[in-house]
Every structure is written in structure tokens, then in C-alpha cells.
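Chain by chain, the residues run as shown.
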Number of protein chains: 4
Amino acid sequence: MTSRSDAPAVKAALKTQAVETPSWAYGNSGTRFKVFAQPGVPRTPQEKLDDAARVHEHTGVAPTVALHIPWDKVDDYGALATYAKERGVRLGTINSNVFQDDDYKLGSVCHPDAAVRRKAVAHLLECVDIMDATGSRDLKLWFSDGTNYPGQDDIRSRQDRLAEALAAVYERLGDDQRMLLEYKFFEPAFYTTDVPDWGTAYAHCLKLGDKAQVVVDTGHHAPGTNIEFIVALLLREGKLGGFDFNSRFYADDDLMVGAADPFQLFRIMYEVIRGGGLASDVAFMLDQCHNIEAKIPAIIRSVMNVQEATAKALLVDGTALAEAQVSGDVLAANAVLMDAYNTDVRPLLAEVREEIGIDPDPIAAYHRSGWAQKITEERVGGTQAGWGA
Amino acid sequence: MTSRSDAPAVKAALKTQAVETPSWAYGNSGTRFKVFAQPGVPRTPQEKLDDAARVHEHTGVAPTVALHIPWDKVDDYGALATYAKERGVRLGTINSNVFQDDDYKLGSVCHPDAAVRRKAVAHLLECVDIMDATGSRDLKLWFSDGTNYPGQDDIRSRQDRLAEALAAVYERLGDDQRMLLEYKFFEPAFYTTDVPDWGTAYAHCLKLGDKAQVVVDTGHHAPGTNIEFIVALLLREGKLGGFDFNSRFYADDDLMVGAADPFQLFRIMYEVIRGGGLASDVAFMLDQCHNIEAKIPAIIRSVMNVQEATAKALLVDGTALAEAQVSGDVLAANAVLMDAYNTDVRPLLAEVREEIGIDPDPIAAYHRSGWAQKITEERVGGTQAGWGA
Amino acid sequence: MTSRSDAPAVKAALKTQAVETPSWAYGNSGTRFKVFAQPGVPRTPQEKLDDAARVHEHTGVAPTVALHIPWDKVDDYGALATYAKERGVRLGTINSNVFQDDDYKLGSVCHPDAAVRRKAVAHLLECVDIMDATGSRDLKLWFSDGTNYPGQDDIRSRQDRLAEALAAVYERLGDDQRMLLEYKFFEPAFYTTDVPDWGTAYAHCLKLGDKAQVVVDTGHHAPGTNIEFIVALLLREGKLGGFDFNSRFYADDDLMVGAADPFQLFRIMYEVIRGGGLASDVAFMLDQCHNIEAKIPAIIRSVMNVQEATAKALLVDGTALAEAQVSGDVLAANAVLMDAYNTDVRPLLAEVREEIGIDPDPIAAYHRSGWAQKITEERVGGTQAGWGA
Amino acid sequence: MTSRSDAPAVKAALKTQAVETPSWAYGNSGTRFKVFAQPGVPRTPQEKLDDAARVHEHTGVAPTVALHIPWDKVDDYGALATYAKERGVRLGTINSNVFQDDDYKLGSVCHPDAAVRRKAVAHLLECVDIMDATGSRDLKLWFSDGTNYPGQDDIRSRQDRLAEALAAVYERLGDDQRMLLEYKFFEPAFYTTDVPDWGTAYAHCLKLGDKAQVVVDTGHHAPGTNIEFIVALLLREGKLGGFDFNSRFYADDDLMVGAADPFQLFRIMYEVIRGGGLASDVAFMLDQCHNIEAKIPAIIRSVMNVQEATAKALLVDGTALAEAQVSGDVLAANAVLMDAYNTDVRPLLAEVREEIGIDPDPIAAYHRSGWAQKITEERVGGTQAGWGA
């Protein structure tokens, strides 16, 4: 709509943006009803890195890959880091998994049995060992802990156990390492969840210290929750550690970020920028399930959706907005925001890509690359990666 | 609270109540994160019937068992019916499954590809063949069909395809057979679901004819939906075919019926009775997942929960209620309902059980019976039943 | 993004679009906590028409104004129609009001007392008389009827009363008149609402006949409801009478249409076009409350938001979409839709406006016009219009 | 079901329970659509106290009355306190009101204009003055502050302003005075609310100090929120200041507590007891709107509903529950809770009432008392109390 003199700054910001892709999104996923396998899906952590490297090659802003332990367990993490580096990417956040052993039926770090809790903590500490080996900064903690029936366990005692486990892990963190605590409204527990909302995660992180931060998964809220408000609050408190991006219409649908409500994503990115979170330690990660769509192009599209929302948020005319806000002009203030949102930023992003030497159309470039055909033909036999392995 | 002269009629109604248990609830189930296997779980349809017979023995009101095809596929359904009969139960509703073949990734009867639709319809027709062999009255149709992303497929064309498939199956029904069409708000599809609400199911059933009826799964609604209102409406329209009972706090949690909101269950049963649905063709079925709790006692508890809600609903003083309603006395009318709800009906149900010759405490009787130990010891090896098999 | 050869057809469609504005949106409104009065608000139906004429003058696509009886009661409706005509607009839909008399505390057409029901029906019939006088085509029926407490009244009996009242009004309709039945999830009734969902409205309209149609208020659904699905279904059934446009984050917030979720509005307009509803008898109406923002520019903005969503929906490449859908290419199909949505259609709409001889920037033109100052100065004294009068 | 040896302790706890009733619940209330006036409604703060005294006389557990300023503004608060005392009740919590002056259209303590913020803070300080005069312990703060449209104001700046205002008021509190900060999901603001959830209230209270506590209004949460979890958490943190009890099916319906989901109320009271909140400083207040039902008997019923939930929660067999929880027996643990919930505690409460010398049936006693007739006849003329005055 408008010629903006701040285009160079916008472009510069977009060029330095980084979105981490999750290793597990390259593998199979599904619902409790069915996991539909797809051709060409990786069988090993290395093959996941191969795919992630394609995403970075075509987008230019996905330089790191999150690992999930034990799904990405290898004997030599140093070698895995080297493997990644050779393909132009780096290992990123380490994600723990304390929800798939049979022992965890009634919880992990909140389990009523101390032996199960010890096992869970041991796994979390092992993850920090892996971080030492990979050079990862962040340990992401998501707990499926909770209960299905009223009375099943004691809510408060479970908080005590949670606090104890978190403290043990926090103490183990190195000087440059962080713990990102994720909250989730519900699922797989259906009555209580031990970290159900940002307030619970915040309260625990506050007591632990500066290296404990809250991570916001955009799909993990009650219906109607204003996520950008939470983002603004956590940034104000210095407690926003990062994002797990995805989108949802109903529950934790784990669809491509920006697919369900692109305006919401824009508002979130606006608050990130407003709160100084863009060029900071805030980690921008995807956490999605591509149940029925082709995985690599879905991830490329997701990265692009984050870029488009960021570009629009960067285009908000801050001076005009502040003026309208201070003067109490509701419609004018809203119009400033909508003007940026309604702008088609795809030409701008195409320029950004050309300026960093990649194809302006990442999806088309990926399709032309022959990678999909190649992995379909080559990745035959073996066991495809998925949530179970 | 009050001595009620209508106790004999209430008892009589409770003695003739029948709740169908689903074969799959005896098998393993879980979430997309993990299926926790339990000891003693059936390996075959026959073992499921063995367990269901225990539930009926201890409750006296669970005489039929719903089958799920192909999970309960056998060579000789007549023999299976005989097997059931010998154990004191009967085969009930046939549940179709058009969501687990790889072909169904983008839908079954609504799939864009006619070949997939033909395959799905063939399966539904096969289910009617099975009904002929088992003597089942009802075919329960639940479709996981839908889309995950806006634009993925054409909403209206999918309705056309759905209508065509339903018509083909309807035509095949015998004179005493019915088609029960289930709706579900979302999951596993996350953007559109092809039968998402009672209105859609109703509209299709209306066009098909009298043998097509709507089935209400109590977990398949948007947050805040007034389910008893839907029950009252469908009964008024002569279109309530039956229930899939379970309970939920969030989405389709599939917890034990009455566990999350026993007052809601009471209100539903009140509307059932009010609308003449108790002694009618309305099918009362459970459809639950016992992910972490022992399955057989959970099903016994669920049947008891339905009984307790029914007993309370039967105790509502209809004359006093009507009087208060007509006079516009909001508090008095509400108090009549609450008086029944607040009554402890467990002594009444204990009497009912003793009068039909069973133990007044079904859970205790089951635990004393040694069945849990027996199946844990005997059912070793083989493949435990679950959603996948 | 793309140069489109269908621009002339798109422009033609946009030029013939018509959005009806509601007389009450020009008056004061608020929440149960407070109604904040605004300067310059109309005191009479005539002044509301004056304001509505401004909206039409600046947008070119708001030629009719909906009336609300008795808020817009006048002695001579013919004269009011003439007044409107002289200002370049026409009287549109007649909205009935059976929720503000003290008699309606427990309902109107569903009230347990027959005398209250008769009074309510008499008002509805009076509205048809007014339609005869104004030449309005549509009678819009919204009932606040419902109950606040379980047991308060009999759900089924209330449906019987509703059906009887609707039949009486339907019979009175002239050959060219229609009855639009609105549903609403909740509020002001908090336990049951007598027409809570599209299914209930549909079932009643179906029995009444062709002149009874369902109206979709975009704010009247449970959280997570897929509104465009309902739109597609009702169009397929020939039962979509019209829209009450507004937007919401939580309940029935009545914010400016497109303000909360512009992508949803686009999807709705896409289904309207897909189902042949754009150039048809479907009525496109606003129904909003401008509690804190200036009313006239808010309504202009709302009309523009509908236009922008429509323009984007018209730009969807139907051929490419159908091809991707049939081939089962989830990402390609989604991308076709998103390509249209991500297009900045404001330049196109500016051209459309210039071609029909109005200012390309309606908001700026309104602000330049001096109307706001004029009404603030002139409309002093008297009683400002609001929901109560 | 079971004879319980702990009945004396249960009775003792029930006899010392105290539920505060709100002065405004005796006045008229309604929705944005209509306020239905009721006969006999108080015209003055004194008449509200007269009614509240009736509630305490019949229930024995409602000794205090919350005031709302300016709705209950009087010249001499000492005299009002004496008036209350003479009628057997005391003045309780002071509720501030910074949402009904025209100045507050865009907020109060978060308003962009410092002058409006100063006015709001002055009102809050005036409320503390009133507390000094009335001897009230608690200042309850609810802010309607928020925005309706994205961009309307700056989320973070509003938090800064909120923190500043709270600090000013906190500093003014006397040694025995507390500030209770209430959160609310939405309404009357529809995009952002400045204190939307417990986490926000908690974060502010934590910084303020020990005299700042969170108040949980049971109707102020997103759909599906587990309220008892929040209660358990706040008690664990020492930050639960009190409750505003009411119930809801949809949004903030403000129905009688226990009317919509009595099982939830029981679970909340169980967590209160579990966390030591029953005999503590936690304030148990009603905050309800009796839009269509008679107000005094509705409040009596509400107090009784709290008592019944408390009685059931007190009956939970803690030893059996802990045993089942520790052993991981999901069904047994749930059964312990349900056993207490399913108990009919009305006989027990009738005994409690007789033992403290009041009628065992408060509702019947109220109806026999002739109070309703008396106030209907005597309270003629004047202006009935309502939210506006």
C-alpha cells in the first residue's frame, strides 16, 4: 500500500531470523486412529538432518535442527554434530521424552512412585549430557504428566515432585545452558495436567532462576486464549524462552504454523518484536505433525509462513500506532496494524531471498530439486522414523 | 430425602434397562503419544466376549456386545453368536471401520477418488452382511472423513459423495435393520469434518428414511454444547437412534461415562425419559477408552454410572416439576430436579440388584471373582487386541 | 502476486455486491456493565437513515438499512421509506424484538404462559404488516428464549410452542416475503436456548416451507465451530437466507466483521461464492455493536472488510484448486487458496470505487466530509438511540 | 453409604464455615439485552443489609456482606456498620468500581491517559478509606480494563500502568488489610483483558507482597479450564485470597453456585480442604446475578449449595484416598472421591442446622417467614438498586 522507507531495516531483520525445525517433523506422525506412512521418510537421525538441510537450503533461515531423545539417540553425538555441519546445519534444542516408557503410565517426574521419578530425572540429566556433546544451548521439557480421573492422584503432591525434579535438572545445567519449560492445556492427560498453563510454568521457572524459561507452544491453550497477550507478558517478565510454532482449529492439532489463523501469528510476531524478542535469546522452533501432507514442503511452507508474519509485523508503523493509541483513537490504531497485515509481503521476501542468494520461490525450487523423488527411491527398507522410534 | 411411592415402577424400569458394551473397550487403547498395554487383555473376539460376559454377570444390564469390523473379524459369525449366547450375552451393533487402511488418508466415502469411495462402500455393505449373520439390528457409521487444511478438498462435493454412499448402504438394509449415523466435532480431521454435528447427521438421515437415525456420542461436541437439548430435539423428531456414552473434560477424551460431569449425564437421562426414549428403540452403548485404568472394572463402573443417572432421572417428581414450570417458578422447578439428583440412589440400586439375583456391589463382586488374576495368568503370548487389530 | 485475466469479472461482482447496515448499529450499545454514549448519535430513525446514507455514499455497496421494531417504530412507514429513498438508500429487513418487555422474562413465543406467547406472535405479525408498508422482503427472527436453570422449563414443550408460533407467522407472509430464522449458541439465556444452532433452525425452516430460511450470525456459535462448513451445507440445502456479519474472539462480541479473524471471513465468502450465494437471494447484513469506537467509520470499515474478503475469495483460481483437490495434493490445494488470501486486494478495490465514481479511500473521504463534526454539533438534546429505545 | 466416625469433626467444620453474600446480588441485574426488575428489590444499602440478614438468619453461615462502591455509597460507614450489626451481620469486603464512569471507556488504571489513571487510583484509595471506617479486611479489585481491537493499545504499557496503580494502592493498605486481585477471561473487553488469568494476577501479587492475594471467580475462565487445579496451586503458593462463587455453562453467566456443575464445586472444595484453605484467611464470597429468579431464596440456595459441596468434600476418606493414590489404583482412588460425592449430605446438614438452632430447611423457613410479601408491599417507590446505582 505504502512505500516504506524502513525496507532496508526490515530486510536486514528478515535475513537474520532463524527458525529451528524439529527432527521428528520429518518422520511419520498421526492421530490415535492411524499413522499414515509416507514414502521417503527418514529412517535415521542422519536422514532427518539431510532433509532439514534441504529446508535450510531453500529458505535460508532454518539453520538448526532440534533433536528428540531417545528418538534421535546415537552413539556419538559429536559425530552427529559434524554430520550436520557438513550439510550446512547445526544441532539445536534437545527435547526430552518421559512419556513413552511403560513406567510412565501414571506420570514421570510427578509419578507417585519415587523409583519412576528417579528414572525420569535420570533421563533428563542424560539429555544435558547430550547437550554438552552437541553444544546445544536449550533443553526443552515437556511433561505428559497428569491424571485422567478426579481423585486419581494428589494435585499438590505432584507439584512438589515436579519442583524437586526441575531443581535437580536445573542444578546440572552449564553456564550457557537453559531449561525451557513447556506447558500444555491437556492431552494425553484428560483431567489434570501438571503444567497446564503459562502461569504454572512461570511460577516454577521463577523459583528456579534465570536459566529456566517458559516456552509457548501455540497449540497448547484453552479455546479463545489470547496467546499474544501471554507473549507480551512473558517478555515483560524476561521469561519467554521460546516458541513451539504450529497451528490449530480445535485442540493441539499440530498443523502448519499460520495455516489456521495467520492473523493470530502476525499478532504474536508483532508482540515479539514489540517486546524485543526478535533479536534476542528467544528460540523460534516449529513443532508440527504433517499427518497427511508431504513433510519437507510442509516445513518449508511453515518457515515461510513465519517469515511472512514477521515481515508484516516489522512493517507496522510504530510511530503512527503509538500516536493513535495515546490519542485513544480505536479505529485509527487498529487500522495501522491492519494496514501492515493486509500488505502482500511476498514480493519483499522474494527480494530478501534473492539478496541472500537463494531462489525467491522456495517451494518451487524444492520441487525442481528432485529431492522428493530421490528419497522416495533411495529410502527403501528399514524402519521409518516416527513418534515411536 | 423423600419416601417415594413410585419406587416399584422405578425399580422395574431399572431392571429392564440395557447398556451395550463395546468389544474394543476390552482391548488396549491410548493416545497418539502412547498405548500402554495392560495385563490380561483379550487377544481374540472370543476373549472379548468372555470379558463382556463378566460385566453382564455382575451388572445384570449389559446383555449385548458391539463388534467392530475388521477388529472383530472372524470366519464364522454364526459361531461367534453362539459363543456369545453360551456365555449369556448377545452380539449387538456392528461398527464399521473406514479409517485405518492406507487408502483412507484423505477420506473414505468422501474421498476425492471414486475408487476409494467404492472400497469404503463395499466395506459398509460387508458390515450389513455380517449383521445378517449375527442378527444385529444396528449398523453404526462413524466417518473420520474430513480435511486438515482450508482448500484441501471441496466441502460441498464431499457432502454429495457422502449422500451417495449413505444411500447405497441404506438401500441394502433389511427390514429390521437400522443405520445409526454418528457425528463428531473434530478429530482425526482438524479443519473440516464431514459429519461434524447433529444437524448434518439429521439432514442426511431425514432424506434417507426411517431406518436412518442419529447417534449421539457424548464426547463429540463443541465446548459448552447442551447435549440434553440435542437429545430432546432428536427424540421430538423421532430421529434419536442411540448413544455412545463416555465422558470428557476437553475434547473426545473417552473417559468413563459420568466421570467428568455426572450432573450432565443425569440431565441427558432425564430428557431420554421425558422424550419416551428409555423403553424404546434407542440404543444405549458405551464407547470408551480405558487408557490407564483396568478395563473390566472400568466398564462395570460405567454401566453403574448410567444406572445411577437413570435412577435419579426416574425419581424426578414429574407432577411437581410441571407445576413449577407452568407457574414460572424458576427456583422451585430447578429444586425439583436437584432434589432427585441429590438423592443417593445407591441403596435403591443395591436392592434392584438383589432382586434380580446378583451381588449388590458389582465392583466388589468382580474383584472377589478372581477373573482379573485368571486372565492375567492365562492370556500370555499372542497379540493383545487394540485399535489396530 | 499473479496477473489475473479474470479481473473484469471480479470487479463486476464487487460492484454489484450489497451489504445491508443495521439501524441499531448507528445508536449506542454496550455490555451489561456499561453503555458508553457517543457524541452525535442519532435520536430518531430518520437520523439513523441519514448516517446509513453516508455509509452508502462512501462505500457504494450499502444501499439498504435494516430496521428494528420497536426501536425504529414510526407512525408512517411509507413516509420513512420515502425519507430513505430521498437520501439514496432503501429500507431493508425488518427485525422483530420480543425480548425487552417485562412479560418476556421467561421467554416470548416459547413462554409457558399462552397469553405471553400470543402477545409475542402479535408483535411478529405486526412486523409483517410493517414489511407490507416498507416493501421489505425479509423478516428476521431472533428469539432470546431459553432457560437459565436445569428444570426451569420443559425443553420439548418449548419446541412445540416455537413451532406453533413460527407456523402462524409463516402463514401470514406474502408471496414475496421471507422469514429468516436466526440461531444463537447462548445469551441472554444461560442453560438452554430454544434455537441454539443451525440444526434447530434448519429443522424448523424445513417444515415451514421455502419461504423460511436460516440466517447465520457469525458470532453465534460454540468455540471452534467451522462456520464456513455450515454455510456450504445450508447453501447445498437451499436454506441459507442470509448473514448477520460481525466478529468475535470469545462469545457474541459483536465486533466489526473481519476484525477478529479475517481469514475465517475469507473462507466464509469463498463458500458463499462456491455455493452460488453471491448473486442470489442470500442477504448480507451487518449486526454489530460499536461500543467504544466511532460508529459510522466502524461501519464503513466493516463494509470494506466484507468487500476485501469477497475480492480475495473471487480471486481464488478455481481451476487450479479443483485440479489440486482431485489429485489429492493437500499442500497445492491449500496454496491456491492462500495465494488468493495473501493478495493485497486494496488496489483492486480502489479501482472498483473509482470506476463507480466514489473516492477510492472511503474512510478518508468520510473524515474529510465533515459529517462527524456536523452531527456532533447538531444532534444535541433529545434521547440518543440505543438498544432500549 | 457408610457410617462415618468423623461426623462430629465434619459438623464442627460446617458450623464454622462462613460465606459472604454480595450486596449487589440483592439488587436487579440482567444482560445487555434487558434488566428485568423484580418486586421488593432494595432501594438502599440498608435494605440490602436487611435482606442479607434474612439469608444469615436462615442459613447460619452468611455473617458478612460485601459492599460495592459507589453502588453502596453512604455518608457514614460507621453508622452502616452499626446498622448491620444490629441486624446480626457485619460489613465485609469492599469492592471497587472503576468501570462505569464515562472516563473509563478505554480503561481505568491501564488507560492511556494519566489523568484517567489518577482518577481510578483515587477511587481505589477512597475504598481503603472506607475499609478503615467499616473495619473491612479485604479490598477486592476487579478491572474491566482491556481492549476490543488488535492494536487499540499497547499490551505491555498497560501492564506497566497496572503495576504502578497496584503498587500505589498496596502501599496504602493497613497492616490487617489485604488486596484481592481478581482475574477474568474476557468481558466487557473483547480482545485483550489486562488481568485475564490467574497467572497475570499471581505475577502482580507476587511482586506486591504478602498482602496481595489472588481471588478466583469460578466463572472467569476459558472453556475447559480446570479450576480446582488453580485452587490447589494458589494454596500451595500461599496466594489464594478468596473466591467469588457462581456458576456458568458458557461465559460468565453468574448463575447460582453449584447450579451448572455441582461436581466441579465439590472438587474445588476438596482442594480447598486439601490445601488447608477452609479454616484460613481464604474468603468465600458469592458473586452472582439473579436475573430471572427471586433473589433472596436464590442466595439462600447458593449458600446451601456451597455447604453441600463442602460437606461432601469433608466426607472424603483421606486415608483410603492416599492409599489408593500411592498404589496407583486409578479406579479405587476415583471411587473414594465419588463415594463422598454421591452421598446425600442433606440429612447431615439438616442436623447441623438444628444443632445451631435454625430451621433444618432454610428455603421453606424463608418462604414461611413472610419476608418476600413484606418487602414487596413495603418497598414501593424510590429507585431499585441495580448495577447502575
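As shown above, the structure is provided for reference.
Below is a summary of the structure that appears in this document. The shown structure was predicted, so the numbers you read here are calculated from the model rather than taken from an experiment. (Residues numbered from 1 in each chain as written. Chains lettered and ligands numbered in written order. Predicted model: local features only at pLDDT ≥ 70, side-chain atom pairs only at ≥ 80, totals over all residues. Heavy atoms only, no water.)

### A word on the sheet that holds strand β10 (residues 283-286) of chain C
Each strand in a sheet pairs with another by means of backbone hydrogen bonds, the pair being arranged parallel or else antiparallel. All names here are of chain C. The eight strands lie next to each other as β1-β2-β3-β4-β6-β8-β9-β10, forming an open sheet whose pairing is parallel. Every interior strand has two partners, whereas the edge strands, β1 (21-22) and β10, have only one. With four bridges connecting them, strand β6 (residues 178-182) and strand β8 (residues 212-217) associate as parallel partners. Paired with M179 across the bridge in β8 is A212. (Pairing = 2+ DSSP bridges. Helix = DSSP H or I, 4+ residues; strand = E, 2+ residues; numbered from the N terminus.)

### Focus on helix α11 (residues 330-342) of chain D
Residue and element names in this part refer to chain D. Compared with the 18 Å implied by 1.5 Å per residue over 13 residues, the 18 Å span of α11 between its first and last C-alpha is a close match. Burial within α11 is extensive, with eleven of its 13 residues counted as buried. Among all positions in α11, only V330, L331, A333, N334, V336, L337, M338, D339, A340, Y341 and N342 are buried. (Expected span 1.5 Å × (residues − 1). Buried < 20%, exposed > 50% of the residue type's maximum accessible area, 1.4 Å probe, protein only.)

### Quick look at the packing of helix α7 (residues 227-236) of chain B against helix α5 (residues 155-172) of chain C
Here α7(B) crosses α5(C) at 60°, and the two axes come no closer than 9 Å. By the angle class used here, α7(B) and α5(C) are oblique. Between α7(B) and α5(C) lies a crossing whose hand is right-handed. For the pair α7(B) and α5(C), contact is made by B:E228, B:F229, B:A232, B:L233, B:L235 and B:R236 and by C:I155, C:R156, C:Q159, C:D160 and C:A163, respectively. Split into classes, the residues belonging to the contact of α7(B) with α5(C) amount to six nonpolar, one polar and four charged. (Axes fitted to C-alpha atoms, helices over the stretch in contact; angles between N-to-C directions. Parallel < 35°, antiparallel > 145°, perpendicular 65-115°, else oblique. Left-handed = near helix turned anticlockwise from the far one by under 90°. Contact = heavy atoms within 4.5 Å. Nonpolar A, V, L, I, M, F, W, Y, C, P; charged D, E, K, R; others polar.)

### Observations regarding the relation of the copies chain B and chain C
Note on the identical chains: chain B maps onto chain C by a rotation of 180° and an axial translation of 0.0 Å, with an RMSD of 0.0 Å. What the superposition gives is, in effect, a two-fold axis relating one chain to the other. Residues of chain B ranked by C-alpha distance from the rotation axis are headed by B:G199, positioned 2.0 Å from it. Comparing interface residues between copies, 98% of those in chain B also lie at the interface in chain C; the contact surface is shared. (Least-squares fit on C-alpha atoms with pLDDT ≥ 70 in both.)

### Considerations on the relation of the copies chain A and chain D
A rotation about an axis combined with a shift along that same axis relates the two copies of the chain. With an axial shift of 0.0 Å and an RMSD of 0.0 Å, the rotation relating chain A to chain D amounts to 180°. By residue overlap, the copies meet face to face through one surface: 100% of the interface positions of chain A are interface positions in chain D.

### Some remarks on the interface of chain B and chain C
Buried accessible area, meaning the area lost when the parts come together, often serves as the stated size of an interface. The partner chain C presents 54 residues to the 55 residues of chain B that form the contact. Both faces considered, chain B and chain C share a buried interface measuring about 4,500 Å² in area, 59% of it formed by carbon and sulfur atoms. Linking chain B with chain C are six salt bridges, by the criterion used here. B:D160 is the partner of C:R236 in a salt bridge, and the nearest nitrogen-oxygen pair spans 2.7 Å. (Buried area = accessible area lost by both parts, 1.4 Å probe. Salt bridge = Lys/Arg side-chain N within 4 Å of Asp/Glu carboxyl O.)

### Structural notes on the environment of C:S157
All names here are of chain C. Examined against the element boundaries, S157 turns out to sit in helix α5. Along the chain, S157 and L314 lie 157 residues apart, while their C-alpha atoms are 45 Å from each other. A distance of 2.6 Å separates polar atoms of two side chains, one belonging to S157 and the other to D154. (Polar contact = N/O pair within 3.5 Å; in protein donor to acceptor, adjacent residues only side chain to side chain.)

### Some details on the state of the cysteines
Linking two cysteines covalently via their sulfur atoms produces the bond known as a disulfide. Tallying each qualifying case throughout the model produces zero disulfides over all chains. Cysteine B:C127 remains unbridged, with the sulfur of B:C110 as its closest cysteine sulfur at 16 Å. Take B:C289: it sits in no disulfide, and the sulfur closest to it among the cysteines is that of A:C289, at 19 Å. (Disulfide = S-S within 2.5 Å.)

Treat this as a map of the structure, not an account of what it does.
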